[in-house]
Amino acid sequence: MNLQSLLDAFKKDPRLFQLADKLSFARPQRIHCENLRGSAASFVISTIFQNPASSQLNHLVVCEDAEKAAYLHNSLENLTNALNLYFFPSSFKNRKNFRLLNPSHVMLRTEALTRFAAQSQGRAGMLITYPEALFEKVVLPNTLSGNIIYIKSGDTLDLVGLMDKLVGYGFERTDFVYEPGQFALRGGILDIYSFGNEKPYRVELFGNDVDSIRIFDPETQLSERKLLQVTIIPNVDTQFDTSDKISLFDFLPENTVVWMQDWSFTKERLIIQEEDLELFLTTVTPIQKARDAAGDEDTRMEKTDTKPEDFVPALRLEQQLQSRHIVAFGHGKDFPEGDPAAHDIPVDIHFNTKAQPAFNRQFDLLIRDLKSWSTKDFGLYLFAENPRQLERLNSIF
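Here goes a summary of the coordinates provided. Just so we're clear, the structure is a prediction, and the values are computed from it rather than from any experiment. (Residues numbered from 1 in each chain as written. Predicted model: local features only at pLDDT ≥ 70, side-chain atom pairs only at ≥ 80, totals over all residues. Heavy atoms only, no water.)

Another point: the sheet that holds strand β3 (residues 85–87). Strand order across the open sheet formed by 7 strands is β3-β6-β2-β17-β18-β1-β19, with parallel pairing between neighbours. With partners counted over all chains shown, the strands left at the sheet margins are β3 and β19 (347–350), one partner each. Recorded for the sheet is a direction-independent mean angle of 20 degrees between the axes of neighbouring strands. Looking at chain direction, strand β1 (residues 30–34) and β19 are connected through 4 bridges and run parallel. In the sheet register, Glu34 faces β19, and the bridge partner there is His350. In the packing of helix α4 (residues 66–80) onto the sheet, contacts are made with β2 (58–62), β3 and β6 (126–129), and the angle to β3 comes to roughly 160 degrees. Running over the sheet, helix α5 (residues 103–118) touches β2, β3 and β6 and is turned about 145 degrees from β3. (Pairing = 2+ DSSP bridges. Helix = DSSP H or I, 4+ residues; strand = E, 2+ residues; numbered from the N terminus. Axes fitted to C-alpha atoms, helices over the stretch in contact; angles between N-to-C directions. Contact = heavy atoms within 4.5 Å.)

Burial of β6 is two-sided: the residues Met126 and Ile128 facing one way and the residues Leu127 and Thr129 facing the other way are all buried. By the bridge criterion, 4 bridges tie β2 to β6 in an arrangement that is parallel. Across the sheet, His59 pairs through a bridge with Met126, a residue of β6. As paired strands, β3 and β6 are joined by 3 bridges and run parallel to one another. Its bridge partner being in β6, Phe87 is matched across the sheet by Ile128. (Buried < 20%, exposed > 50% of the residue type's maximum accessible area, 1.4 Å probe, protein only.)

Moving on to the layout of surface pockets. When its volume is computed, the second largest pocket comes out at roughly 740 Å³. In terms of lining residues, the second largest pocket is bounded by 29 residues, among which Glu111, Arg115, Gly196, Asn197 and Glu198 are the most central. For the lining of the second largest pocket, the secondary structure elements donating two or more residues are α4, β3, α5, β14 (223–227) and β15 (229–232). With 6 residues, the single largest contributor to the lining of the second largest pocket is α5. Among the residues forming the lining of the second largest pocket, the class breakdown is 15 nonpolar, 7 polar and 7 charged. (1 Å grid on protein atoms, 1.4 Å probe; cavity = no way out; pocket = protein on both sides within 12 Å on 5 of 7 lines; lining within 4 Å. Points joined across faces, edges and corners; volume = space filled by probe spheres on them. Nonpolar A, V, L, I, M, F, W, Y, C, P; charged D, E, K, R; others polar.)

Below is the structure:
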């Protein structure tokens, strides 16, 4: 039996049909998927994501922390092979420092927001995130869409005007590009590392005309594939005013289902972020402003004007969740507080998964455990990324 066999078993499970049916209701639902352990949550979420009845729904999955969100994102990508699943991290390098930005995180956030902003109706996809990322406001969809630069083959470019615009969007001119937010012009080659793409673009020019556009590897400088058109996206964390920013829940389409691993834990982390922000603004910010005035530091990947209005308090997020379908998939039946009349009575969907015992690399314990399940007529599915691991298991059995 392979992975597809197990996925098919989930697709035929009546409990998944029940869950998909509840998510089709117009009135906000509160659904608790009880006893999901290990990778079971990944199978449930991926099955609903691919269910025809849910084909028009967007999804936001809120995990307890960044590591769990990254693992879940990887699992969902492997299970669905979908291209519209986006890891949505916090912009900052450190959750207590609201100034230093992480370039790769800014790129991931920008890519996800751009994809959702471009999808005016229907499904944009799924975001997998965690509390610290929810705490930050995001750019208004129309503002983001209106500040994208489009370049396509055959265009005639105003190079001086384009480079001025790139600088205004927070880009830095360098000899070679190696991280988001850089551009370089050498002869008839214009390299641009957009904030919304994993790798930079190489625009080959004939005079001012765009002859070709390619994606290339910044380490090897080798072209990977040819493109007809590209979009250049500014730094969404530094280039827009507070008035242009809103909560992620205001940004996402109304047909977005929220999967919550643990709301109490999420709310606690959000409150801690509020406290950390207050401490940062009262202690670190005055010192840093003095350094900025001296002009000795490169602030291109720093949020130099941090304000409380750039973030969303836990109470406000809790209020915004009232109008959404919420599926709790963690250890407890935990939903945001609010008016009970605003949603239907919470529903429990019971699963029978259990946490894997600790075998401590003792194969005799593993074999004994597997055989005990086999004697109870359970179907056994064993998966491994390395084929040699499967060969070893086959030789043992």
